[in-house]
Amino acid sequence: MSQQPLPLIRRPRRNRLFPSLRDMVQETWLRPSDFIQPLFVRAGTGDPEPIASMPGQFRWTLDGLLHQAEDLCASGVRGIALFPQVAADLKDTQGSYSSRDEAWPLRVIEAIRREVPDLLVIADVALDPYTSHGHDGILDASGHVDNDQTVHALSRLAVLQAQAGAQIVAPSDMMDGRILAIRKALDSNALSSTGVMAYSAKFASSYYGPFRDAVGSATAAGTCYLDKRTYQLNPANAREALVETMLDEQEGADILMVKPAGLYLDIIARVRQSTLLPLAAYQISGEYAQIHAAAERGWLDLEKARDESLIAIKRAGADIILTYFAGDVAKMLQTKGFR
Ligand code: PBG
């Protein structure tokens, strides 16, 4: 007995029946220019060192880094975020190597600007690559991270990075008042064109571990689970994240950021509603490692999980995504078109 069709006026599946139609009604797309590739760099020469917990990511020396930068540029990625791995003998409790104008990470910035001029160089303003304890700040006598002393050191570092040619400086430390201090320091050094991308809502996440191995702040601290809860946000707090983004906007940030990304889509969506500024989100090392680990076991499809994780971040409201997948996705987009 043949059944009567249901008396439905609305059948949303009609818009999903053909690939052509699915493309036409797709609301969110990925483009190569959405992405910033974070890159790790070490001093000297030699082969890139693979980072065990981040398959496909390396600590580059300058030669390899330049090739990598050219390659990214050719695949349509517009920016890189540089993170130096500083040798243990250059670290101290104050992170004082960060304030030296002969520091090698500054030479790396200059070289990329010279050799790959179309690529945007985003410098990481933070002390953790430079401190012997792995914290993002200078410790006071009782071992607490001293906010104002740290802000002073960060302002100096930002000026040096901007003078070396970084078009954007990106403070990732979460000290109070650092955006205003950095803005003022840049402006008083004739660097008013240098932009500030603020890591505004950065949470004290357990997913930073692979990154801390990569830059060596874990080795310095003796653990990749270093406790940064006196400055990074409590993962339970959304309103507090909005306070941080509001303050950074008032202090003069050009671009705001939420970090991590995938576990904080609600924060991305709420910040998107509360500001007119461009919003970045950082898909961090642990998010990258998680997808790779599951794919290695055949439990997830690497490319599909990757693309879904990124489109979700975009859909939540991020304009810009920092992700270790940037180069791979941009190459995929070049061959397959927009996703
Ligand atoms: C610290 C910093 C961190 C990351 C970048 N800069 C986190 C931290 O150690 O607290 C993490 C990035 C990632 O996990 O991919 N200045």
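Residues numbered from 1 in each chain as written. Predicted model: local features only at pLDDT ≥ 70, side-chain atom pairs only at ≥ 80, totals over all residues. Heavy atoms only, no water.

Draft legend 1. Looking closely at the overall build of the protein. A count of helical and extended segments in the protein gives twelve helices and ten strands. In terms of its C-alpha atoms, the protein occupies a principal-axis envelope of roughly 85 × 45 × 40 Å. In the protein, which comprises 339 residues, the proportion classed as buried is 53%. Within the protein, counting contacts between residues at least 6 apart in sequence, those at least 24 apart form 74% of the total. Of the roughly 16100 Å² that the protein leaves accessible, carbon and sulfur atoms contribute 53%. Counting 35 positive and 41 negative side-chain charges, the protein places the averaged centre of each group 9 Å from the other. (Helix = DSSP H or I, 4+ residues; strand = E, 2+ residues; numbered from the N terminus. Buried < 20%, exposed > 50% of the residue type's maximum accessible area, 1.4 Å probe, protein only. Contact = heavy atoms within 4.5 Å. Areas by Shrake-Rupley, 256 points an atom, 1.4 Å probe, with all protein chains shown as cover. Lys, Arg positive; Asp, Glu negative; His and termini not counted. Charge placed at Lys NZ, Arg CZ, Asp CG, Glu CD.)

Draft legend 2. How the structure looks around the pattern of salt bridges. Across all of its chains, the model carries 16 salt bridges by this definition. The shortest N-O distance in the salt bridge between Glu110 and Arg107 comes to 3.0 Å. Pair noted here: Glu110 and Arg107 are both in helix H3 (residues 104-115), with a separation of three residues, about one helical turn. Assessed through its relative accessible area of 28%, Glu110 is described here as partly exposed. Two residues, Glu115 and Arg114, come together in a salt bridge whose shortest N-O distance is 3.5 Å. Using a relative accessible area of 57% as the deciding quantity, one classes Arg114 as exposed. The network of salt bridges with shared partners includes Arg31, Asp34 and Lys314. (Salt bridge = Lys/Arg side-chain N within 4 Å of Asp/Glu carboxyl O.)

Draft legend 3. Quick look at the site of the ligand. The environment of the ligand is made up of 15 residues, and the closest members are Asp136, Arg212, Lys259, Ser285 and Tyr324. Here an oxygen atom of the ligand and a side-chain polar atom of Ser285 are 2.7 Å apart. Surface burial for the ligand is 100%, taken as the share of its 400 Å² of free accessible area covered by protein chains. Of the residues in the shell around the ligand, the class split is six nonpolar, three polar and six charged. (Near = heavy atom within 4 Å. Polar contact = N/O pair within 3.5 Å; in protein donor to acceptor, adjacent residues only side chain to side chain. Nonpolar A, V, L, I, M, F, W, Y, C, P; charged D, E, K, R; others polar.)

Draft legend 4. Spotlight on the side chain of Lys259. Relative to the helices and strands, Lys259 resides in strand S8 (residues 255-259). Asp124 is the oppositely charged side chain nearest to the buried, salt-bridge-free Lys259, at an N-O distance of 6.6 Å. Those residues in contact with Lys259, other than ones at most four positions away along the chain, are Tyr199, Ala201, Lys202, Phe203, Tyr208, Tyr282 and Ile284.

Draft legend 5. A look at the packing of helix H8 (residues 239-250) against helix H9 (residues 265-274). Taken N-terminus to C-terminus, the directions of H8 and H9 make an angle of 45°; their axes are 10 Å apart at the nearest point. Between H8 and H9, the angle falls in the class oblique. In terms of crossing hand, the pair formed by H8 and H9 is right-handed. In this structure, H8 uses Arg239, Ala241, Leu242 and Thr245 to contact H9, whose residues at the interface are Ile267, Arg270, Val271 and Ser274. Its residues placed into classes, the contact of H8 with H9 shows four nonpolar, two polar and two charged. (Axes fitted to C-alpha atoms, helices over the stretch in contact; angles between N-to-C directions. Parallel < 35°, antiparallel > 145°, perpendicular 65-115°, else oblique. Left-handed = near helix turned anticlockwise from the far one by under 90°.)

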